[in-house]
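Residue strings, one per chain:
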Amino acid sequence: TLDAQRLLFQIKTLFSQYQRRYGAPRIYREMMEQYGYDGSLARVKPLMRQAGLRAKAKRKFKATTDSNHAHPIATNLLGQQFQAARPNQIWLSDLTYIRTQEGWLYLAGVLDLYTREIVGWAMGSRMTQQLVVDALRMAWFRKHPGKHTGLVFHSDRGSQYASLAFRNVLKDYGMVQSMSGTGNCYDNAPMESFWH
């Protein structure tokens with residue numbers, strides 16, 4: 001009907017105006033305020049459903065850095081100077097999370113600053129020190145950088161990277177640890193960029 005078409009046009013206008021973030025209840029309230037709509041929510045819901053108008057879910061923020069710990073913090077050796085002269089000179093690492101069919105999973109990645117290649121990774125349902133150890137071990141076995149070459153391993157100050165277990169693996173491989181400043185995402189910008 002003409003009435004339904006006009007109503008749907010108004011709904012679509014509001015849906016677009018609010019960048020597809022409003023579901024039926026909020027669209028209904030805006031309809032009343034902006035257009036003086038005096039119908040019911042039960043009329044708006046099916047029209048939105050039939051038109052395939054579903055609000056975008058807000059992405060839940062999950063903190064991946066716990067820098068409130070008693071582990072030692074390494075000096076920031078990079079100081080936002082993201083230049084490498086050869087492969088296996090500087091590796092960057094970070095944790096992120098991704099939505100999968102199994103739910104949220106955490107992903108640890110190791111990026112070679114020179115090649116911009118992810119050289120190691122590990123995925124798991126918990127953000128543990130083992131996750132970052134596994135990513136580092138994969139990078140080591142895939143690239144064989146050689147012991148005591150002075151390879152710099154840079155990450156944030158998260159408890160996983162500062163843990164004794166992780167520091168021991170770095171020591172075994174002869175790597176030099178470097179960490180970002182407190183809460184400064186620019187100190188690991190190429191890795192953050194890769195995640196985006």
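All values derive from a computational prediction rather than experimental measurement. Each residue is numbered by its place in its chain's sequence as written, counting from 1. It should be noted that, the model being predicted, local features are given only for residues of pLDDT at least 70 and side-chain atom pairs only at 80 or more, the latter also being counted only at that level, while totals for whole chains, interfaces and linings use all residues. Derived side-chain values reflect all non-hydrogen atoms in the structure, with water molecules and hydrogen atoms excluded from consideration.

**Student:** Please provide a residue-by-residue account of helix H2 (residues 24–35), values included.
**Tutor:** Secondary structure elements follow DSSP: runs of H or I no shorter than four residues count as helices, runs of E no shorter than two count as strands, and numbering proceeds from the N terminus. Multiplying 1.5 Å by the helix residue count minus one yields the expected span of that helix. Between its terminal C-alpha atoms H2 stretches 15 Å, which fits the 16 Å expected from twelve residues at 1.5 Å a residue. Three labels apply to residues, based on accessible area from a 1.4 Å probe with only protein chains included: buried if under 20% of the type maximum, exposed if over 50%, partly exposed otherwise in between. Inspection of H2 places Ala24, Ile27, Tyr28, Glu30 and Met31 among the buried residues, and these make up the whole buried set. Projection of H2 onto a plane perpendicular to its axis shows the buried side chains occupying an angular sector of 165°, all on one side. Looking one or two residues beyond H2, the residue adopting positive phi is Gly36, at roughly 65°. Arc definition: directions from the helix axis to the C-beta atoms.

**Student:** Give a description of the sheet that holds strand E2 (residues 103–112) that names residues and reports values.
**Tutor:** Pairing between two strands is assigned when DSSP locates at least 2 bridges connecting them. Strand order in the open sheet made by the five strands is E3-E2-E1-E4-E5, with mixed pairing throughout. Each edge of the open sheet is held by one strand with a lone partner, namely strand E3 (117–124) and strand E5 (176–179). With direction set aside, neighbouring strand axes in the sheet form an average angle of 25°. As defined by bridge partners, E2 adjoins E3 across seven bridges and the pair is classed as antiparallel. Across the sheet, the residue bridging to Val110 is Gly120, located in E3. Only C-alpha atoms enter the line fits that serve as axes; for helices the fit covers just the stretch in contact. Angles between N-to-C directions range over 0 to 180 degrees.

**Student:** Go over the nonpolar core, please, and point to the residues and values.
**Tutor:** Here, nonpolar core means buried Ala, Val, Leu, Ile, Met, Phe, Trp, Tyr and Cys residues that are tied together by side-chain atoms lying within 4.5 Å of each other. Core analysis: the biggest nonpolar cluster contains 26 residues, and Trp91, Val110, Leu136, Phe153, Tyr161, Phe166 and Met175 have the highest contact counts within it. Those elements that provide at least two residues to this core are strand E1 (90–100), E2, E3, helix H4 (129–143), helix H5 (159–162) and helix H6 (164–172). The element contributing the most residues to this core is H4, with seven residues. One finds Ile11, Tyr22, Tyr28 and Met48 within the second-largest nonpolar core, a separate group that totals 14 residues.

**Student:** Can you tell me about the environment of Arg26, naming the residues and giving the values?
**Tutor:** Relative to the assigned elements, Arg26 resides in helix H2. A relative accessible area of 39% means that Arg26 is categorised as partly exposed. Through-space distance from the C-alpha of Arg26 to that of Leu41 is 9.6 Å; in sequence the pair is 15 residues apart.

**Student:** Can you explain the confidence of the model for the protein chain? Please cite residues and give values.
**Tutor:** Per residue, pLDDT measures the predictor's confidence, with a range of 0 to 100. Averaged over all residues, the pLDDT of the protein chain is 83; the fraction at 70 or higher stands at 87%. Of all the helices and strands in the protein chain, helix H7 (residues 189–195) carries the lowest mean pLDDT, 75, while H4 carries the highest, 95.

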